[in-house]
Structures are given as structure tokens and as C-alpha cells.
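Chain by chain, the residues run as shown.
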Amino acid sequence: VASATFWDNFNGSRNPAWHDQRIATRAENGKLVADCTSGNMNLVTLDNFSQTDVQVSVNAQTSSQFGIVLRFTNTSNYVLAYYAAGQIKFYEVSGGSSGNALGTVSASLLGTDVRMTASVSGTLASMTITDGSQPYTTSCTLNSRLGAGTVGVYHNTAAGTTPEYFDNFLVY
């Protein structure tokens, strides 16, 4: 197992390496809390980090819509490993458009507390999400977001979703 190049358990004050791309997040009770008004999204990325091939994992809760951001260059261009409504999938956000979902897999039997791991290597993106007993995995071939970028987390506050509480963020 490779050693982590960045790790944050969100204990104590918020790490200055994080950059809110949209709406402010906060470190609270050992979690990164993404909480914004309905219909908005949070994108939080690492400053001074850029890799093409990378693996990222984070703890989250399935009561909201969330994901891991990979190869992020700006709010209009990144790869998103995404969980929503009992499904995992990828989006290649390019020029502000998310296009069609890639590699959609049902993950409807997950418990509330999960760990998502996503990676990109060349044109291959893969993701696993598990509640500790039930793993779901998907992969896809990327078409456009092939260059280096930073990593982070994503939270979508579609109608009815709750805040997300991210924890134990690791980059390999």
C-alpha cells in the first residue's frame, strides 16, 4: 500500500491547504462540514497540488449527494466520482457541462456511513464505495479530462439533501 501524500482528519482548526471553490465549509467536531442552501454545490480542493494519476479516499454519509473531485483545474473542468440516490457514477465536467454519467452502478443497499475511494490513471477512472460490509465498484474510460489537476470533495444540495460530513481524507 502506498503511503499517503496528504491526510486530513479535520480535527482542530481547518487546514489552510483547503480552498472553497464555491460556498464556505468548516471543520467541526472532527469533520469537514459542507452545508449550503438548496440548489447549490460545494467544491473544496487542495491548494498547491497537481497530479495526473492519483487515488483519493474519504468517509461520508449516504444521506446526501457527494463525491471526490479529481484532475480539477477550475470549477468548469474536473472529474467527479459521485454518489447520489443509491448510485455511483463518474462525470467528466468540461467547459462547465457535466455531460452524460459514465460507469453508473446501483449501490442501493449501502448503509449510512461509507468510505469512497476513487482513482484516475491515464484514461481509466475507478471508484469503490463501501459501508464496511457491502462494496460497490465501477470504472470508466475518460475522454477529455486527461491532464493534471488537484483533488478535493464535492457536495450537492439538491432539494431535500442534508449537509455532508467528510472525514479522513487521504491522497495517495
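The coordinates are above.
Residues numbered from 1 in each chain as written. Predicted model: local features only at pLDDT ≥ 70, side-chain atom pairs only at ≥ 80, totals over all residues. Heavy atoms only, no water.

### Remarks on the overall build of the chain
Counting its regular elements, the chain contains zero helices and 15 strands. Against the 2.2 N^0.38 benchmark of 16 Å for 172 residues, the chain shows a C-alpha radius of gyration of 14 Å, consistent with a compact globule. Each of the three principal axes of the chain carries a C-alpha extent, and together these read 40 × 35 × 35 Å. Looking at the chain as a whole, 46% of its 172 residues qualify as buried. Here the analysis covers contacts within the chain between residues at least 6 apart in sequence; of these, 61% occur between residues at least 24 apart. For the chain, the accessible area works out to roughly 7400 Å², and carbon and sulfur atoms hold 46% of it. (Helix = DSSP H or I, 4+ residues; strand = E, 2+ residues; numbered from the N terminus. Rg over C-alpha atoms; globule rule 2.2 N^0.38 Å. Buried < 20%, exposed > 50% of the residue type's maximum accessible area, 1.4 Å probe, protein only. Contact = heavy atoms within 4.5 Å. Areas by Shrake-Rupley, 256 points an atom, 1.4 Å probe, with all protein chains shown as cover.)

### Considerations on the pairing of strand β11 (residues 113-121)
Both strand β6 (residues 54-61) and β11 contribute to a ladder of eight bridges, which runs antiparallel. Paired with V56 across the bridge in β11 is A118. Bridge count between β11 and strand β12 (residues 124-130): seven bridges; the pairing is antiparallel. What sits directly across from S119, in β12, is S126. Where β11 folds back onto β12 in an antiparallel hairpin, the turn is made up of two residues, including G122, whose phi is positive at roughly 60 degrees. (Pairing = 2+ DSSP bridges.)

### Here we look at the sheet that holds strand β7 (residues 65-74)
Strand order in the open sheet formed by seven strands is β2-β5-β14-β7-β8-β9-β10, with antiparallel pairing between adjacent strands. Unpaired on one side and paired on the other, β2 (18-20) and β10 (102-106) mark the two borders of the sheet. Pairwise comparison of adjacent strand axes, ignoring direction, gives a mean angle of 20 degrees for this sheet. For strand β5 (residues 41-46) and strand β14 (residues 150-156), the ladder comprises five bridges, and the chain directions are antiparallel. Its bridge partner lying in β14, L43 is registered against Y154. (Axes fitted to C-alpha atoms, helices over the stretch in contact; angles between N-to-C directions.)

### Some details on the pattern of salt bridges
Under the defined criterion, the tally for this structure stands at four salt bridges. For D20, the salt bridge goes to R14, with nearest N and O atoms at 3.3 Å. Between D167 and K31 there is a salt bridge, with the nearest N and O atoms lying 3.3 Å from each other. Of this pair, D167 sits in strand β15 (residues 164-171) while K31 sits in strand β4 (residues 31-34), and the two are 136 residues apart along the sequence. Since its relative accessible area comes to 12%, D167 is described here as buried. The exposure class of K31 is partly exposed, given its relative accessible area of 29%. (Salt bridge = Lys/Arg side-chain N within 4 Å of Asp/Glu carboxyl O.)

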